[in-house]
Amino acid sequence: MSSPFCPQSVGADTEAMLIKIDLHSTGFEPLVVLEHWQQAQSGIAASAAEAHFIGRVRGVAADGCALEALELEHYPGMTEQQLEQLARDCCSRHRVNRCLVQHRIGRVLPGEAIVLVAIGADRRGPAQRCCQELLEALKHHAPFWKREWRSDGSREWLSGNTPL
Amino acid sequence: MVSVVAADVPRVGTIRILLFAGLRERAGWGEQHWPANPGCAAGLTPRELWLQLQLPGELGSQVRVAINRQFADADTPLRAGDELAFLPPISGG
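Everything numeric in this text was worked out from a predicted model, so none of it was measured.

What counts as what
- Counting restarts for each chain, with residues numbered from 1 along the sequence as it is written.
- Working convention: letters from A go to chains and numbers from 1 go to ligands, in the order in which they are written.
- Residue-level local features of this predicted model are given only where pLDDT is at least 70; pairs of side-chain atoms are given and counted only at 80 or more, and the full residue set underlies all totals for whole chains, interfaces and linings.
- The numbering of helices and of strands both runs from the N terminus, where a helix is a DSSP run of H or I of at least 4 residues and a strand a run of E of at least 2.
- Three classes are used. A residue is buried when 20 or more other C-beta atoms lie within 10 Å of its own, exposed when 12 or fewer do, and partly exposed in between, with C-beta atoms placed from the backbone.
- Residue pairs are scored as contacts if the distance between their C-beta atoms, which are placed from the backbone, is within 7 Å.
- Classes in brief: Ala, Val, Leu, Ile, Met, Phe, Trp, Tyr, Cys and Pro nonpolar; Asp, Glu, Lys and Arg charged; the others, Gly included, polar.
- The predictor rates its confidence in each residue with pLDDT, a number between 0 and 100.
- When DSSP locates at least two bridges between a pair of strands, those strands are taken to pair.
- Angles run from 0 to 180 degrees between N-to-C directions of axes, and those axes are lines fitted to C-alpha atoms, restricted for helices to the stretch in contact.
- For a helix, the expected span equals 1.5 Å multiplied by the number of residues minus one.
- What the arc covers is the set of directions going from the helix axis to the C-beta atoms.

In terms of regular secondary structure, chain A is built from 4 helices and 8 strands. For chain A, the succession of helices and strands along the chain, N to C, is α-β-α-β-β-α-β-β-β-α-β-β. Per-residue burial over chain A gives 31% buried out of 164 residues. Of the contacts made within chain A by residues no fewer than 6 positions apart, 76% connect residues no fewer than 24 positions apart.

Right under this line is the structure:
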């Protein structure tokens, strides 16, 4: 029998958690995807608080040149597993109950969405904290690699992420 | 001496080695199958394979290891049938 002073198990929370993760090889409209995700939790099941993040490809490369496109490579199988594990762990820590992660792979043009993270929770604090933490986690621990294709014809793999 | 087997489909008794992104391009290959040496008491480790394959860069600070699609320590003994990946710096999101 567990003591009331012991940390509560997250097992039950994990079971109740709804996590949806997709990789898109072509462009997706984040607001359309978000609307569908919200419609699926309407009524009494709707989250009282939501936090969203949409990341888009900027039109300038790391060296200041105009960017033609960003190429996103991933590790099939491991990337999906890692995204799910990161989402599950992060949502359990913050005790949130809904999570949506959409990520592009392949060639992405400036202005196109590259990532969408949405979190549904009972309070704004856990929703916002979980959204930020999960975004940072996937940037550093989900196997994706970016290559810039610049308008001057040069191309280069990036060795890190942009500053927070 | 251990020799590298040309990559194609998964092979019994080998370790499948994968490289990605800039590391793959610098090395000039993306996949190889390496004999697992079933007779050896101690299994090869990713660190030993990294050195034997003479891969560019620095294992640990720049390049991470995944075994069977899970992050792993570079000194983990490998077994026949394992999928080993060397992962250059990650830049997602």
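With 13 residues of chain B in contact, the opposing surface of chain A contributes 22 residues. Secondary structure elements with two or more residues in the side of chain B that touches chain A: α1 (21–27) and β5 (83–87) of chain B. Tallied by class, residues from the side of chain B that touches chain A come to 8 nonpolar, 4 polar and 1 charged.

Before going further, it helps to spend a moment on the confidence of the model for chain B. All names here are of chain B. Across chain B, the average pLDDT comes to 86, with 83% of residues at 70 or higher. Mean pLDDT values for the elements of chain B range from 94 in strand β2 (residues 31–35) up to 98 in strand β3 (residues 64–67). Confidence drops under a pLDDT of 50 for residues 1–8, and excluding neighbours within four residues, the segment shows 10 contacts in the predicted structure.

Quick look at the pairing of strand β4 (residues 98–104) of chain A now. All names here are of chain A. Across the 7 residues of β4, 7 count as buried, placing the element largely inside the fold. Sheet topology note: the strand β1 (residues 18–24)/β4 ladder contains 7 bridges and is parallel. Bridge pairing in β4 links Ile19 to Cys99. Both β4 and strand β6 (residues 113–121) contribute to a ladder of 6 bridges, which runs antiparallel. Bridge pairing links Cys99 to Ile119 in β6.

Residue and element names in this part refer to chain B. The strand order β2-β1-β5-β3-β4 describes an open sheet built from 5 strands, whose pairing is mixed. The strands lining the two open edges of the sheet, one partner per strand, are β2 and β4 (70–72). Mean inter-strand twist for the sheet, computed between neighbouring axes without regard to direction, equals 30°. The pairing of strand β1 (residues 14–19) with β2 spans 5 bridges and is classified as antiparallel. Bridged to Thr14 within β2 is Pro35.

All names here are of chain B. Relative to the helices and strands, Trp29 is located in the loop between α1 and β2. Given 15 C-beta atoms within 10 Å, Trp29 falls into the partly exposed group. When the C-alpha atoms of Trp29 and Leu55 are compared, they prove to be 10 Å apart, with 26 residues separating the residues in sequence.

Residues and elements named next belong to chain A. Spatial strand order, β1-β4-β6-β2: 4 strands in an open sheet with mixed pairing. Pairing within the sheet leaves two strands with one partner each, and these edge strands are β1 and β2 (49–56). If you compare each strand with its neighbour and ignore which way they point, the axes differ by 5° on average. Here β2 pairs with β6 via 8 bridges, running antiparallel. Each bridged residue has a counterpart across the sheet, and for Glu50 the counterpart in β6 is Gly120. Packed on one face of the sheet, helix α2 (residues 30–39) meets β1, β2, β4 and β6 and runs near 25° to β6. Where helix α3 (residues 78–94) meets the sheet, it contacts β1 and β4, and its direction lies at approximately 150° from that of β1.

Next up on the list: the pairing of strand β7 (residues 144–150) of chain A. Residues and elements named next belong to chain A. Sheet topology note: the strand β3 (residues 67–74)/β7 ladder contains 7 bridges and is antiparallel. Within the sheet, the bridge partner assigned to Glu73 lies in β7 and is Trp145. With 3 bridges joining them, β7 and strand β8 (residues 155–157) adopt antiparallel strand pairing. In the strand pairing of β8, Glu148 is matched with Glu156. What sits between the antiparallel neighbours β7 and β8 is a turn of 4 residues, in which Gly153 has the positive phi angle 95°.

A few words on helix α4 (residues 124–141) of chain A. Residue and element names in this part refer to chain A. In this model α4 runs 25 Å from its N-terminal to its C-terminal C-alpha over 18 residues, within 8% of the 26 Å that 1.5 Å per residue would give. Restricting attention to buried positions, one finds in α4 the residues Ala127, Cys130, Cys131, Leu134, Leu135, Ala137 and Leu138. The buried residues of α4 all sit within an arc of 165° when viewed along its axis, so they share a single face. Buried residues along α4 sit in contact with β2, α3, β4 and β6.

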